[in-house]
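Each chain, written out:
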Amino acid sequence: MRAVRLTVWGEPPVPADVERPVPHGAQVLVRVEATGLCHSDLHVIDAAPGVLPYRLPFTLGHEVAGRVAALGPDADGVDVDEPVVLYGPWGCGACGRCAAGWDNYCDRRDTLPWHGAGLGRDGGMADYVVVPSARQLVSADGLTAEQAAPLSDAGLTSYHAVSGLRHTLGEGATAVVIGIGGLGHLAVQILRATTACRVLAVDVREEALALAERSGADFGTLLRADTARVLRTRGGGAGADAVLDFVGTTDTLALATGVLRPGGELAVVGSGGGSLTVTKPGVLPPGFRLSLPFWGPRPQLAEVVALARSGALHVETERFPLSAAPEAIDRLRRGRVRGRAVLVPD
Ligand code: FEH
Ligand code: ZN
Ligand code: ZN
């Protein structure tokens, strides 16, 4: 089968022809129909030797949807030909977090030589992918694979970030979403669908603000020197009850803390490498709370899939054949992908 594989640290992944895996024990083999491309794939591709605990070579792709192709002898809970989406964060499977389906916060994460399919284990940039058990699968019935795949990472990550702030987002509240890309545009839709708050969007690209409007934002503005003032005015003057930063640079963190109201909460999702100085006394709003949500728990993947199935979520995708993976990676690196890039086996 075809696979896009990382074989040398710091070198681009290469197309390869590898054996189709055979599921053993409780494993399940999935025929891949779509795999989303994520900025984290770029971080993995660009990682210098020793930065990540992963063992080379492995197939990339951690945002995967397809159909069950075969079951190991001890597998149960899914049927051949069932449409599924992969739950991406694979933990140790034995700690309290994993037992509760919160593999994204596995207690033993730092001891594992992998973090999931496409993250040290063979992933979905291939014709087939094998998962440890049906526990890593959620039914995608009623969704196309192109719509389902991005829900497993972009959708779940955004949904998990919003879920941690939802208590602040009642009627009359204001949420600011910074960065309207593959994750941000879904966060706007999730806020629209699951809260009563006002949603304000910020980006550096006009086309991203248009995507924010299509996704249901009440207002969008470009990132400028006076953006905090503009957002405060549009938000009723008190400041934002919650900010979701999908960029995570020093500038966006400064904007976020400059627009938060006292008692406001900031979720930093983007891995922009920015920094925020927390001192007391200091300039941060009193009652300021910060979270660094990572990916999401398996139960919330089922919730975000159900939300999409209800019609409340539409993933803006740009489709590439699997054979064009190098072009898709280059376009993502240059910030030239509208919404989420999705690779489809050709
Ligand atoms: C995955 C693995 C490691 C770091 C970050 C990620 C994200 O893409 C998950 O949403
Ligand atoms: Zn990702
Ligand atoms: Zn664990």
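Report follows, based on the coordinates. (Residues numbered from 1 in each chain as written. Chains lettered and ligands numbered in written order. Predicted model: local features only at pLDDT ≥ 70, side-chain atom pairs only at ≥ 80, totals over all residues. Heavy atoms only, no water.)

Topic: the overall build of the protein chain
Then, in step 1: From N to C terminus, the protein chain includes 10 helices and 18 strands.
Then, in step 2: Taking 2.2 N^0.38 as the reference for a compact globule, 346 residues should give roughly 20 Å; the C-alpha atoms of the protein chain span a radius of gyration of 20 Å, in line with that estimate.
Then, in step 3: For the protein chain, the C-alpha atoms occupy an extent of roughly 60 × 40 × 35 Å along the three principal directions.
Then, in step 4: Counting every position in the protein chain, which comprises 346 residues, the buried fraction comes to 55%.
Then, in step 5: Sequence-distant contacts, at least 24 apart, represent 70% of the contacts inside the protein chain between residues at least 6 apart.
Then, in step 6: In the structure as shown, the protein chain presents an accessible area of about 14,400 Å², 51% of it carried by carbon and sulfur atoms.
Then, in step 7: When the 32 positive and 37 negative side-chain charges of the protein chain are each reduced to one mean point, those points stand 5 Å apart. (Helix = DSSP H or I, 4+ residues; strand = E, 2+ residues; numbered from the N terminus. Rg over C-alpha atoms; globule rule 2.2 N^0.38 Å. Buried < 20%, exposed > 50% of the residue type's maximum accessible area, 1.4 Å probe, protein only. Contact = heavy atoms within 4.5 Å. Areas by Shrake-Rupley, 256 points an atom, 1.4 Å probe, with all protein chains shown as cover. Lys, Arg positive; Asp, Glu negative; His and termini not counted. Charge placed at Lys NZ, Arg CZ, Asp CG, Glu CD.)

Things to note about helix H1 (residues 39-46)
Then, in step 1: For H1, every residue scored as buried is listed here: Asp-41, Leu-42, Val-44 and Ile-45. Along the long axis of H1, the arc covered by the buried residues comes to 160°, so they all point the same way.
Then, in step 2: For H1, the elements touching its buried residues are strand E1 (2-6), strand E3 (28-37), strand E4 (58-59) and helix H10 (325-333). (Arc of directions from axis to C-beta.)

Notes on the nonpolar core
Then, in step 1: Counting 72 residues, the largest nonpolar core has Val-177 and Leu-191 as its most contacted members.
Then, in step 2: The contacts of Val-177, once residues within four sequence positions are left out, are Gly-184, Ala-187, Val-188, Leu-191, Val-199, Leu-200, Ala-201, Val-202, Leu-244 and Phe-246.
Then, in step 3: If you look at the next biggest cluster of nonpolar residues, it comprises 20 residues, including Ala-75, Cys-98, Ala-134 and Leu-137. (Core = buried A, V, L, I, M, F, W, Y, C linked by side-chain atoms within 4.5 Å.)

So, the side chain of Gln-136
Then, in step 1: Topologically, Gln-136 is positioned in the loop between strand E9 (128-131) and strand E10 (137-139).
Then, in step 2: Given the relative accessible area of 6%, Gln-136 is considered buried.
Then, in step 3: If sequence neighbours within four positions are ignored, Gln-136 has contacts with Val-85, Leu-86, Tyr-87, Trp-90 and Val-131.

Things to note about the coordination of the zinc ion (ligand 3)
Then, in step 1: Binding of the zinc ion (ligand 3) to the protein goes through Cys-92 (SG), Cys-95 (SG), Cys-98 (SG) and Cys-106 (SG), at separations of 2.3 Å.
Then, in step 2: Relative to the metal, the four donor atoms surrounding the zinc ion (ligand 3) lie at angles of 103 to 118°, and the coordination shape comes out tetrahedral.
Then, in step 3: Summarised as a motif, the one-chain spacing of the donors to the zinc ion (ligand 3) is C-x2-C-x2-C-x7-C. Placement of Cys-92 in the loop between strand E6 (83-86) and helix H2 (96-99) and of Cys-106 in the loop between H2 and strand E7 (116-117) is noted, with a sequence separation of 14 residues between them. (Donors = N, O, S within 2.8 Å, 3.2 Å for Na, K, Ca; no water. Tetrahedral: all angles 85-135°; square planar, octahedral: opposite > 155°, others 65-115°.)

Some remarks on the coordination of the zinc ion (ligand 2)
Then, in step 1: Around the zinc ion (ligand 2), the protein supplies Cys-38 (SG), His-62 (NE2) and Asp-153 (OD) as donor atoms, at distances of 1.9 to 2.2 Å.
Then, in step 2: Geometry at the zinc ion (ligand 2) is tetrahedral, judged from the four donor atoms that bind it and their angles of 92 to 125° at the metal.
Then, in step 3: In the primary structure, the donors to the zinc ion (ligand 2) are separated according to the pattern C-x23-H-x90-D. You can see Cys-38 sitting in the loop between E3 and H1 and its partner Asp-153 sitting in the loop between helix H3 (145-148) and helix H4 (154-163), a full 115 residues away along the chain. The same class applies to Cys-38 as to Asp-153, namely buried.

As for helix H5 (residues 184-194)
Then, in step 1: Extensive coverage of H5 is indicated by the burial of eight of its 11 residues.
Then, in step 2: On its buried side, H5 packs onto H4, strand E11 (174-178), strand E12 (198-203), helix H6 (206-215), strand E14 (240-245) and helix H9 (298-309).

Brief notes about the site of ligand 1
Then, in step 1: Around ligand 1, the neighbouring residues are Cys-38, Ser-40, His-62, Leu-119, Asp-153, Thr-157, Phe-294 and Trp-295.
Then, in step 2: Contact distances for ligand 1 include 2.6 Å between an oxygen atom and a side-chain N or O atom of Ser-40.
Then, in step 3: In isolation ligand 1 has 290 Å² of accessible area, and contact with the protein removes 80% of it.
Then, in step 4: A class-by-class count of the residues in the shell around ligand 1 yields four nonpolar, three polar and one charged. (Near = heavy atom within 4 Å. Polar contact = N/O pair within 3.5 Å; in protein donor to acceptor, adjacent residues only side chain to side chain. Nonpolar A, V, L, I, M, F, W, Y, C, P; charged D, E, K, R; others polar.)

Topic: the sheet that holds E1
Then, in step 1: On the basis of which strands lie adjacent, the open sheet formed by three strands has the order E2-E1-E4 and antiparallel pairing. At either end of the open sheet lies a strand with only one pairing partner, and these are strand E2 (14-17) and E4.
Then, in step 2: Note that E1 and E4 share two bridges and pair antiparallel. Within E4, the residue paired with Arg-5 across the bridge is Thr-59. (Pairing = 2+ DSSP bridges.)

A look at unusual backbone geometry
Then, in step 1: With an omega of -5°, the peptide bond running from Leu-56 to Pro-57 counts as cis.
Then, in step 2: The topology assignment puts Pro-57 in the loop between H1 and E4.
Then, in step 3: Looking along the chain, the bond that leaves Lys-280 and enters Pro-281 is cis, with omega of -5°.
Then, in step 4: Here Pro-281 lies in the loop between strand E15 (260-268) and strand E16 (289-291).
Then, in step 5: Of note in the backbone geometry, Asp-81 takes a positive phi value of approximately 80° without being a glycine.
Then, in step 6: Along the chain, Asp-81 turns up in the loop between strand E5 (64-71) and E6.
Then, in step 7: Taking the relative accessible area as the measure of exposure, Asp-81 reaches 44% and is therefore partly exposed.

Observations regarding the environment of Gly-66
Then, in step 1: By the secondary structure assignment, Gly-66 is in strand E5.
Then, in step 2: With relative accessibility at 2%, the residue Gly-66 sits in the buried group.
Then, in step 3: With 36 residues separating them in the primary sequence, Gly-66 and Val-30 have C-alpha atoms 6.1 Å apart.
Then, in step 4: In this structure, Gly-66 is in contact with Val-30, Arg-31, Val-32, Glu-33, Glu-82, Pro-83 and Val-84, ignoring residues within four places of it in sequence.

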